[in-house]
Amino acid sequence: MDQEMKLTKRDRISIWWRSTFIQGSWNYERMQNGGWAFSMIPAIKRLYKTKEDRSAALQRHLEFFNTHPYVASPVLGVTLALEEERANGAPVDNTAIQGVKVGMMGPLAGIGDPMFWFTLKPILGALAASLAMSGNILGPILYFVLWNLIRMGFMWYSQELGYKAGSKITEDLSGGMLKDITKGASLLGMFILGALVNRWVSVTFTPTVSEVELNEGAYIDWSSLPAGTEGVKTALQQYDNGRSLTDTNVTTLQDNLDSLIPGLGGLALTLLCMWLLRKKVSPIVMILGLFIVGIVFHVLGIM
Amino acid sequence: MDLTIIQIILVIIIAFLAGMEGILDEFHFHQPIIACTLIGLVTGNLGPSLILGGTLQMIALGWANIGAAVAPDAALASVASAIILVLSGQGEAGVSSAIAIAVPLAVAGLLLTIIVRTIATGLVHLMDAAAKEGKIRTIEFWHIIAIIMQGLRIAIPAALIIAIGARPVRNLLESMPTWLTDGLAIGGGMVVAVGYAMVINMMATKEVWPFFAIGFVLATITEITLMGLGIIGVSLAFIYLALSKQGGSGNGGNGNTGDPIGDIIDSY
């Protein structure tokens, strides 16, 4: 074999596309191993021609692997570079390849989870969902297009980056840039979560705290309005001047809480959920429990 | 309402895609906002399904598969509740009861995922055998079978619900008293907190809590849209990163103690 073995761009595109299905045969024993081997197949076909070589390559890529599905791409890239060297006779053994895979998957999952699951998905999801809830079709379209553009772009460029940098990538990873991105993502994520908790966790208490009879002139006296459109006009003018619609001022428990800061109930509930999660209460138990609380409190007239 | 044959086929295809994505987590066909909207689109119920998708998406924001842990299953929840909403013919009025049905379904979907992932363990051993023989095709075959199983995980329940038909579904939903549906709607407003709590627990450190507080307070100003809040958040992150670098490089020189207010007081 004089000719140097090289992966073509087409091979790499094919690997990139296959890595979309990396979690397809996710299993409790070796997790993403089947999908990893499935992704590596175009490279194995290109680099190894004999049955023995292919068999050995397939077996070494069916070892345990698990990381965030998108950051598997840079690991794939590095592994491709290593396999290429190996096929060209460089002394890269199985342990080196498995070592690189295992060495990269942990730290990278630590980047992928906060970036994609805890920042991008809640932000895009909340933005799209708030559009959709008001009946705007742009919500789902925006979510689908942006999510996939970012994901596919990230997977392609990080795979290429890994392939070109080869085993040197571990140095790049410890550099400042990725640390900054991870940190920035978690700062942004927490900021948005604060906003989401305030806007979307709805806890409303209905009991009435006080009912105050208003003085004459502070409310719209519906019985003494002129008839017809003139009456509507007067009523609107009076309302605009700050007159109340009814002759009593009802203050609910919720009004009292809102005068401290709106969203306090939601915040307390979120903190309670965090505490329960840390006490190893299953999220599903909590979700079902909250529905029961909702029904019971509603029937009792508290919510 | 009753569905035509073509509509039924399209709904089952969407359910299949959602099932696949429930494990792949790539295109996000299983996210409620996509799955519900698509089902609404093919059945001519776009408006209510869109609102259902948006509302469910809010609840499912924090659901993520992390490591080997499996989150409640958004795929079955969104597909089944959208089908039920469409079959009931209640339109927007049916959204809150559809959500209440979605949550137990998310649990059922979770159990189905666990079953399929366990079966996949067996498939991987078949791949091992194929690898020893160097049979590339066979490995590809079993991997694709595993993906198809995940698709069927949602497509079969979806077909079952359609087979049960509109009338029983409508009867079930209409027999729900208002105290129950109202109570479920109130519960639905609260369960969002669970998803957020899951995410916060993963991210929270001493350093990032102040950002949570600022976000919480700024959100009370209802004139700022979510987009606007996003811009503020990105800016804050950039400012923080830039400042924390300056602090690092300034250490040791000029008596910079990292306490700017203290420095000002000292110099007077």
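A brief look at the structure comes next. (Residues numbered from 1 in each chain as written. Chains lettered and ligands numbered in written order. Predicted model: local features only at pLDDT ≥ 70, side-chain atom pairs only at ≥ 80, totals over all residues. Heavy atoms only, no water.)

## A short note on helix α4 (residues 72–87) of chain A
Residues and elements named next belong to chain A.
- Taking 1.5 Å per residue, 16 residues should reach 22 Å; α4 reaches 22 Å between its end C-alpha atoms and fits that length.
- Of all 16 residues that make up α4, 14 are buried, and the element is covered over most of its length.
- Where α4 terminates, the next one or two residues include G89, which has phi positive at roughly 100°. (Helix = DSSP H or I, 4+ residues; strand = E, 2+ residues; numbered from the N terminus. Expected span 1.5 Å × (residues − 1). Buried < 20%, exposed > 50% of the residue type's maximum accessible area, 1.4 Å probe, protein only.)

## Quick word on the interface of chain A and chain B
- Chain A puts 101 residues into the contact, and the matching count from chain B is 106 residues.
- Of the roughly 9,300 Å² buried at the junction of chain A and chain B (both faces included), carbon and sulfur atoms supply 77%.
- Per-residue buried area on chain A facing chain B is highest for M190, F191 and F291 of chain A; these three make up 9% of the total on that side.
- There are four salt bridges connecting chain A and chain B.
- Between R30 of chain A and D128 of chain B there is a salt bridge, and its shortest N-O distance comes to 2.7 Å.
- Summed over the shared surface of chain A and chain B, the number is 24 residue pairs in polar contact (both at pLDDT 80 or more).
- Those elements giving two or more residues to the side of chain A that touches chain B turn out to be α1 (9–18), α2 (33–47), α3 (51–60), α5 (94–133), α6 (138–165), α8 (176–200), α11 (264–278) and α12 (283–300) of chain A.
- Here the element with the most residues in the side of chain A that touches chain B is α8 of chain A; it accounts for 18 residues.
- Considered class by class, the residues forming the side of chain A that touches chain B number 60 nonpolar, 28 polar and 13 charged. (Contact = heavy atoms within 4.5 Å. Buried area = accessible area lost by both parts, 1.4 Å probe. Salt bridge = Lys/Arg side-chain N within 4 Å of Asp/Glu carboxyl O. Polar contact = N/O pair within 3.5 Å; in protein donor to acceptor, adjacent residues only side chain to side chain. Nonpolar A, V, L, I, M, F, W, Y, C, P; charged D, E, K, R; others polar.)

## A word on a nonpolar patch on the surface
- A surface patch of nonpolar side chains, amounting to about 580 Å² of accessible area, comprises I137, L138, I141, V145, L146, L149 and I150 of chain A.
- Counting through the fold element by element, L146 of chain A comes out in helix α6. (Patch = residues over 30% accessible without salt bridge, like charges linked within 9 Å, V, L, I, M, F, W, Y side chains within 5 Å. Areas by Shrake-Rupley, 256 points an atom, 1.4 Å probe, with all protein chains shown as cover.)

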